[in-house]
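Take a look at the letters that make up each chain.
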Amino acid sequence: MPTLLIYGSYGFVGGLITEEAIDRGLDPILAGRDREQLREQVADLEQPGRRFSLEDPVTVATALEDVDCVLNCAGPFSNTAEALVEGCLRSGTDYVDITGEIPVIESIHDRDAAATEAGITLLPAAALSTIPMDCLAAHLADRLPEATHLALGVDSFRVPSIGTLRTVIEGADTENAVRRDSDLESAPTGWKTREIDFGRGERPAVTMPMGDVSTAHYTTAIPNVEMYAVMPQPARTALRLHRYLSLVFESKPVRWTLKQLAGVRDGPSERARERGSAYVWGEARTEGGERVVSRLRTPDPYVVTVDGAVTVAERVLAGDADAGFQTPAGAFGADFVFELEGVEGFFDEETPAETSPVSPLLQ
């Protein structure tokens, strides 16, 4: 049986993914850097464990020599992905993660040639939002092959887990990013807002630096990509203030304090996850004004992340993904999202040529 190693298996999301992998009979190796948390989890789940740090590439490669696929759940991924990818290239191990960090996805894309030569798959961002959005992007590209502009968005505000909070804090000084003529460009955080109907009426959404800016572009080859997310008013205000407070967030003492505060809470309860949902929207258009819109509805983001990460790992272990850098829809097609339980769509909308109004956020 192919061997799966889950790195960061004892975090909130990593723990949910680990339990799902066990339930599906994957018999994963549990792994990470924290000796005590790993020991406790190994005893509780009665699974094999492997503790190793990521400072030395040789050590990482040695730890992965008997592993067929690594599923990296240890964020911030800017701290873990590079070392694990390098270890996978040296050991011939496939790599999957659940990042949404644009620089991480771009750095993994840069290893495409090396991964192809090594005969391994590198598939980052196997989570929400990327799996639904990536598949929606591929679907829109199929509907409008001449599209030059792609906008994607998600409506699902929910309390983040400890790992998610720490990832956000780690990247608090990162500007927004958009794709323009196939190149990444920086923009102020929350630089645009627009009213979007995600499937339950129009709601204000703002541009966000989500990983789909990269993955959707690589999946579809559409040169212009923007990402939106619904934000409550306090969060939109915080985004506007962030640009003025960025120097404060860059302070190491402030970052340390925020990280400690982030560690005082767990993620959402099982009941909350069962009741949650997400609405995913996408728009593709041409320079000439032709426009198509489609939507998806999914279970709670944490449910989709857990289901999606394990399903991607299963498909990679089965040899269903080509070698090299891959995206979820690029590897498995636009309909891959329907392999996840509870996903509904595609809901296609016929729309007039004009686009929805876009206006800058009030300063």
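If you're wondering where the values come from, they're calculated on a predicted model, not measured in any experiment. (Residues numbered from 1 in each chain as written. Predicted model: local features only at pLDDT ≥ 70, side-chain atom pairs only at ≥ 80, totals over all residues. Heavy atoms only, no water.)

## What about the pairing of strand E14 (residues 291–299)?
Right, on to step 1. Within E14, eight of the nine residues are buried, which leaves it mostly tucked inside the rest of the structure.
Right, on to step 2. Two successive antiparallel strands, strand E13 (residues 277–285) and E14, enclose a turn made up of five residues, where Gly289 displays a positive phi of approximately 100 degrees.
Right, on to step 3. Bridging between E14 and strand E16 (residues 344–350) involves six bridges; their strand directions are antiparallel. When the sheet's bridge partners are listed, Ser294 is paired in E16 with Asp348. (Buried < 20%, exposed > 50% of the residue type's maximum accessible area, 1.4 Å probe, protein only. Helix = DSSP H or I, 4+ residues; strand = E, 2+ residues; numbered from the N terminus. Pairing = 2+ DSSP bridges.)

## Digging into the pattern of salt bridges
Right, on to step 1. Within the structure shown, the criterion is met by 20 salt bridges.
Right, on to step 2. Measuring nitrogen to oxygen at the nearest pair gives 2.8 Å for the salt bridge that ties Glu36 to Arg39. Of this pair, Glu36 and Arg39 both sit in helix H2 (residues 35–45), three residues apart, roughly one helical turn.
Right, on to step 3. Among the salt bridges present, the one from Asp155 reaches Arg200, with a minimum N-O distance of 3.0 Å. With Asp155 in strand E7 (residues 149–155) and Arg200 in the loop between strand E10 (192–197) and strand E11 (202–207), the pair connects residues that are 45 residues apart, well separated along the chain.
Right, on to step 4. Residue class for Arg200 comes out partly exposed when judged on its relative accessible area of 43%.
Right, on to step 5. Sharing partners across several salt bridges, the network here consists of Glu20, Arg24, Asp307 and Glu314. (Salt bridge = Lys/Arg side-chain N within 4 Å of Asp/Glu carboxyl O.)

## Section: the sheet that holds strand E15 (residues 324–325)
Right, on to step 1. With parallel pairing, seven strands are arranged side by side in an open sheet as E3-E2-E1-E4-E5-E6-E15. Only two strands of the sheet have a single neighbouring strand rather than two, namely strand E3 (49–51) and E15.
Right, on to step 2. Inspection of the sheet shows strand E2 (residues 29–32) paired to E3 by three bridges, in the parallel sense. Residue pairing across strands places Gly32 opposite Arg51, the latter belonging to E3.

## Observations regarding the side chain of Thr215
Right, on to step 1. Inspection of the secondary structure puts Thr215 in helix H9 (residues 212–220).
Right, on to step 2. The class for Thr215 is buried, based on a relative accessible area of 1%.
Right, on to step 3. If we ignore the near neighbours within four places in the chain, the residues touching Thr215 are Ile105, Ala125, Thr130, Asp134 and Thr327. (Contact = heavy atoms within 4.5 Å.)

## What about unusual backbone geometry?
Right, on to step 1. In the segment running from Gly75 into Pro76, the intervening peptide bond is cis, with an omega of -5 degrees.
Right, on to step 2. By the element assignment, Pro76 lies in the loop between strand E4 (69–72) and helix H4 (81–91).
Right, on to step 3. The peptide bond linking Gly345 to Phe346 adopts the cis configuration, its omega dihedral lying at -10 degrees.
Right, on to step 4. As for its placement among the helices and strands, Phe346 is situated in strand E16.
Right, on to step 5. Its identity is not glycine, yet Asp27 carries a phi of approximately 50 degrees, on the positive side.
Right, on to step 6. Within the secondary structure layout, Asp27 lies in the loop between helix H1 (12–23) and E2.
Right, on to step 7. One non-glycine residue with positive phi stands out, namely Ser182, at about 75 degrees.
Right, on to step 8. Mapping Ser182 onto the fold places it in the loop between strand E8 (176–180) and strand E9 (183–187).

## Quick look at helix H7 (residues 130–143)
Right, on to step 1. Its 14 residues give H7 an end-to-end C-alpha distance of 19 Å, which sits within 8% of 20 Å, the value for a rise of 1.5 Å per residue.
Right, on to step 2. Inspection of H7 places Thr130, Ile131, Pro132, Met133, Asp134, Cys135, Leu136, Ala137, Ala138, His139, Leu140 and Ala141 among the buried residues, and these make up the whole buried set. (Expected span 1.5 Å × (residues − 1).)

## Description of the layout of surface pockets
Right, on to step 1. Of the voids in this model, the second largest pocket is the one considered here, and its volume is about 400 Å³.
Right, on to step 2. Lining the second largest pocket are 15 residues, and of these Glu20, Arg273, Val303, Val306 and Asp307 sit closest to its centre.
Right, on to step 3. Mapped by element, the contributors of at least two residues to the lining of the second largest pocket are H1, helix H12 (270–275) and helix H13 (301–317).
Right, on to step 4. For the lining of the second largest pocket, the per-class residue count stands at five nonpolar, one polar and nine charged. (1 Å grid on protein atoms, 1.4 Å probe; cavity = no way out; pocket = protein on both sides within 12 Å on 5 of 7 lines; lining within 4 Å. Points joined across faces, edges and corners; volume = space filled by probe spheres on them. Nonpolar A, V, L, I, M, F, W, Y, C, P; charged D, E, K, R; others polar.)

## Section: the nonpolar core
Right, on to step 1. By size, the foremost hydrophobic cluster in this structure holds 93 residues, and its most contacted members are Ile17 and Phe52.
Right, on to step 2. No other element matches H13, which puts nine residues into this core.
Right, on to step 3. Ignoring anything within four residues of it in the chain, the contact list for Phe52 reads Leu5, Tyr7, Ala31, Gly32, Arg33, Val60, Ala63, Leu64 and Leu84.
Right, on to step 4. Membership of the second largest hydrophobic core comes to nine residues, among which are Phe198, Ala205, Tyr279 and Val293. (Core = buried A, V, L, I, M, F, W, Y, C linked by side-chain atoms within 4.5 Å.)

## Let's talk about the confidence of the model for the protein chain
Right, on to step 1. Scored by pLDDT, the protein chain comes out at a mean of 86, with 81% of its residues at no less than 70.
Right, on to step 2. For the stretch residues 244–251, pLDDT sits under 50, and the model shows eight contacts to residues farther than four places along the chain or on other chains.
Right, on to step 3. Under a pLDDT of 50 for its full length, residues 254–265 has, in the predicted model, 23 contacts with residues more than four places off or in other chains. (pLDDT = per-residue confidence, 0-100.)

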